[in-house]
Structure formats: C-alpha cells, structure tokens
Amino acid sequence: MGSYALAATNVDFMVHGLFQYEVFGQKLWITTTHVSLLIVMLILLVFGIVVKVKVSKVKPGDNPTGLISACEIIVEKLDDMVLSSMGEKQYRKFANYIGTIFGFILLSNISGLLGLRPPTADYGVTFPMAIITFCLIHFNHFKYQKVKGVIADLCDPWPIWAPINIISDFAVPVSLSLRLFANVLSGTAIMALIYALLSKFAILWPAALHFYFDLFSGAIQTYVFCMLTMTYITNAIGEEN
Amino acid sequence: MNQVTGVELIKACSAIGAGLAVIAGIGPGVGQGIAAGYAASAVGRNPGAQGAIRSTMLLGQAVAETTGLYGLLVAILLLFVQPLAR
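Parameters at a glance
- Residues numbered from 1 in each chain as written.
- Chains lettered and ligands numbered in written order.
- Predicted model: local features only at pLDDT ≥ 70, side-chain atom pairs only at ≥ 80, totals over all residues.
- Helix = DSSP H or I, 4+ residues; strand = E, 2+ residues; numbered from the N terminus.
- Buried ≥ 20, exposed ≤ 12 C-beta atoms within 10 Å, placed from the backbone.
- Contact = placed C-beta atoms within 7 Å.
- Nonpolar A, V, L, I, M, F, W, Y, C, P; charged D, E, K, R; others polar.
- Core = buried A, V, L, I, M, F, W, Y, C linked by C-beta atoms within 7 Å.
- Pairing = 2+ DSSP bridges.
- Expected span 1.5 Å × (residues − 1).
- Bend = angle between axes of the 7 residues up to and from the residue.
- Axes fitted to C-alpha atoms, helices over the stretch in contact; angles between N-to-C directions.
- Parallel < 35°, antiparallel > 145°, perpendicular 65-115°, else oblique.

Q: Looking at this structure, how should I read the overall build of chain A?
A: Helices and strands together make up the secondary structure of chain A, namely six helices and two strands. Seen through its C-alpha atoms, chain A measures out along the principal axes to roughly 65 × 60 × 40 Å. Here chain A holds 241 residues, and the buried ones make up 25% of them. Of the contacts made within chain A by residues no fewer than 6 positions apart, 67% connect residues no fewer than 24 positions apart.

Q: What is the right way to look at the interface of chain B and chain A in this model?
A: When the parts of a complex come together, some accessible area is lost, and that lost area is often taken as the interface size. Each side of the interface is counted separately: chain B has nine residues, and chain A has 13 residues. Split by residue class, the side of chain B that touches chain A holds eight nonpolar, one polar and no charged.

Q: Is there a simple way to think about the nonpolar core in this case?
A: Across soluble globular proteins, you tend to see nonpolar side chains buried next to one another. Residue and element names in this part refer to chain A. Counting 39 residues, the largest nonpolar core has F225, M230 and I233 as the members making the most contacts within it. When residues of this core are assigned to their parent elements, the largest contribution, 10 residues, is made by helix α6 (residues 206-237). Look past the residues within four positions of F225 in its chain and what remains in contact with it is I105, L176 and L180.

Q: How should the pairing of strand β1 (residues 17-23) of chain A be read in this particular structure?
A: All names here are of chain A. Of all seven residues that make up β1, zero are buried, and the element is exposed over most of its length. Where β1 and strand β2 (residues 26-31) come together, six bridges link them in antiparallel fashion. Residue Q20 lies in a different strand from β2, and its bridge partner there is W29. Counting the residues between successive antiparallel strands, the hairpin from β1 to β2 contains two residues, one of them, F24, with a positive phi of roughly 50°.

Q: When you look at helix α4 (residues 123-154) of chain A in this model, what are you seeing that I'm missing?
A: Given 3.6 residues per helical turn, the α-helix brings residues three or four places apart onto the same face. Residues and elements named next belong to chain A. In a regular helix each residue adds 1.5 Å, so 32 residues correspond to 46 Å; α4 covers only 29 Å between its end C-alpha atoms and thus falls short of that length. At K146, α4 shows its strongest bend, of approximately 110°. In this structure, the buried side of α4 is in contact with α2 (32-57), α3 (66-110), α5 (162-197) and α6.

Q: Help me out: how do you make sense of unusual backbone geometry in this one?
A: Most of the time, phi is negative for any residue but glycine, and the peptide bond is trans. Even without being glycine, F24 of chain A reaches a positive phi, approximately 50°. On the secondary structure map, F24 of chain A appears in the loop between β1 and β2. Overall, F24 of chain A belongs to the exposed group, with 5 C-beta atoms counted inside 10 Å. The backbone phi angle of Q82 of chain B is positive, close to 50°, even though this residue is not glycine. The topology assignment puts Q82 of chain B in the segment after α3 (50-81).

Q: When you look at the packing of helix α2 (residues 26-45) of chain B against α3 of chain B in this model, what are you seeing that I'm missing?
A: Angle between the axes and distance between the axes are the two parameters that describe a pair of packed helices. All names here are of chain B. Running from amino to carboxyl end, α2 crosses α3 at an angle of 170°, the nearest separation of the two axes being 9 Å. It follows that α2 is roughly antiparallel to α3 by the angle criterion. Of α3, the residues touching α2 (which contributes G27, P28, G31, Q32, A35, A36, A39, A42 and V43) are Q50, I53, M57, G60, Q61, A64, E65, T67 and G68. Along the lines of polarity and charge, the residues of the contact of α2 with α3 split into nine nonpolar, eight polar and one charged.

As structure tokens, this is what we get:
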C-alpha cells in the first residue's frame, strides 16, 4: 500500500512554475507552458523565415523542389479546407488566420513528442484562442448582418428566446476551448500515468500510445477547432453574403 | 485501525466521485459509434463522397465527444487538483 501511494505521487503532468516575478505587487510565474509556447513559436518562426528566404530566391519559371513543394502542398491543402467550408467569397480573408491557428495548434499538440508539456494542455492557452474566435464571430455578425440582422437572430423563433440565444452564444468559446484543452490534457495525463505507474514495463510500446494521443488525437482536434471556427464564422456571415 | 480524518474521507470520496464522473464516457461512445455506422453505410451507398463523409463524421464525433470530456475533466480535477480536500 505504501509503495502504491509513493508511485502515485510521482504522477506529474501539472503546470510547473519555473521563475517568479512581481508586477504591480502581483506575484506572477513563468511556467512550463510559457517555455513550451516559446519553443513552438520559435520553431514556427524559423520555419516561416526559412521558407520566405527560399521562396524569394525562386524564379517564376522554376520547378519547385524539396521544401518549397512541401510548403505548396501544405498551403494548397489548407486553402482547400477553408474554401470548402467558407465558400469562394470569404475564403481569401480567413485562409491566413485559419492557416496560422492550424499550424500553431498542430505543433502545440504534437510538442508532447519533443518531451515538452503541450501548451494546449493549459486552459490559459486554449481559452484566448476561443476568445479570438468568439470576437471574429460577432465582429462578422455585426459587419455583414448589421444591427437589425443581429437582433433578428437574437429573437430567433420568438423574442422570449433571447436569453437562451445569448447563453448559447457564450457557450461557444467555452465548449470550443474546453474540447481542445480536455483532449490534450487527457492524453498528457494518461501518458504521465503510464510512465509513472508502469515505469518498469514502459518500454517501446508507449510509442503506439504516443502515436494515438499526440499525433492522431492532436491532428483531429486541430482540424475540429479550425472547422468549427470556420463553421461558426460562416453562420454569422449568413448565406446571402 | 487508525481513525479516518475528514480530509482522508474527502479524498476517498473524491476518488469514488472521479470514477462515477467518467461514466459520462458511455454517451459519447454510443454516439460516436452510431455516427461511424451511418458514415460507413453512407460510404457504401456513395463511395465517391468518401472525403466529405469522413470530414463530416469526424466533426460530428468531435462535437459529440465534448460531453464525455466534461466528465473526464471533472474526474481529473477531483483526482489531481482535489478542490474539496483543501
């Protein structure tokens, strides 16, 4: 019983503070999430700069090779994804944003493979992203439907329905962020449990679980986050536009 | 036998509560299975639309999964954060 309790205390997948500092009398921490976020951002930035330098050297007639053709495939796939769900008119505006969050969330989710704690397993990372989506939804709602259309949508079947519609509007970012957060956190927790409790037997076969929890689940959740963002924005824009 | 303190009792009950909370996984399991079954029959009827069917199925399943994840979240909070035992 004693060894059981000892093993259970080794289970460790929480956010850790690394460095404390003070701003206006508030004690704040630099946590593992910040470090992983910084590494993910650096990887994306270096990738972007390298591709930009390579692209600027290519002349219009050249055949794309290596990295450039890989990037072309990525961009084409992302454009297709946005085009198929947002339509011909809108997709130019949103392809950049969707591509950015796709790359960021995907790299964050699979950063568990690099030995980092995935940044998306911190609610402080997923909630701001859902807030951005929330702002985009309502900005576009007001932009395309005008105030009249927004009020008409609020009182959808009858005006008495308005409070329920408002609650469902505010439930969107919460469910969007909790879905991503809980999926990544559950993968992280299960892997931590396996490594802590089965540490003597955890040889090679956890790789299969890493494949499922980090790569498969991470990619699916990235796709779902982007698809839902696009679906909500398309709904807010309305069909006639 | 030592006497059980209040905090220990709360911790034990939190573990039971965590176990009960993940029963929420039944719902999404059934729902995702139904969605996958209908997707399979849709592919059987119209193999050309496989890509669209797959993406629709994944989206629906991910949305259906949310309720189960709420249960899981409650279980993780009860087990590892232990808000009640403070």
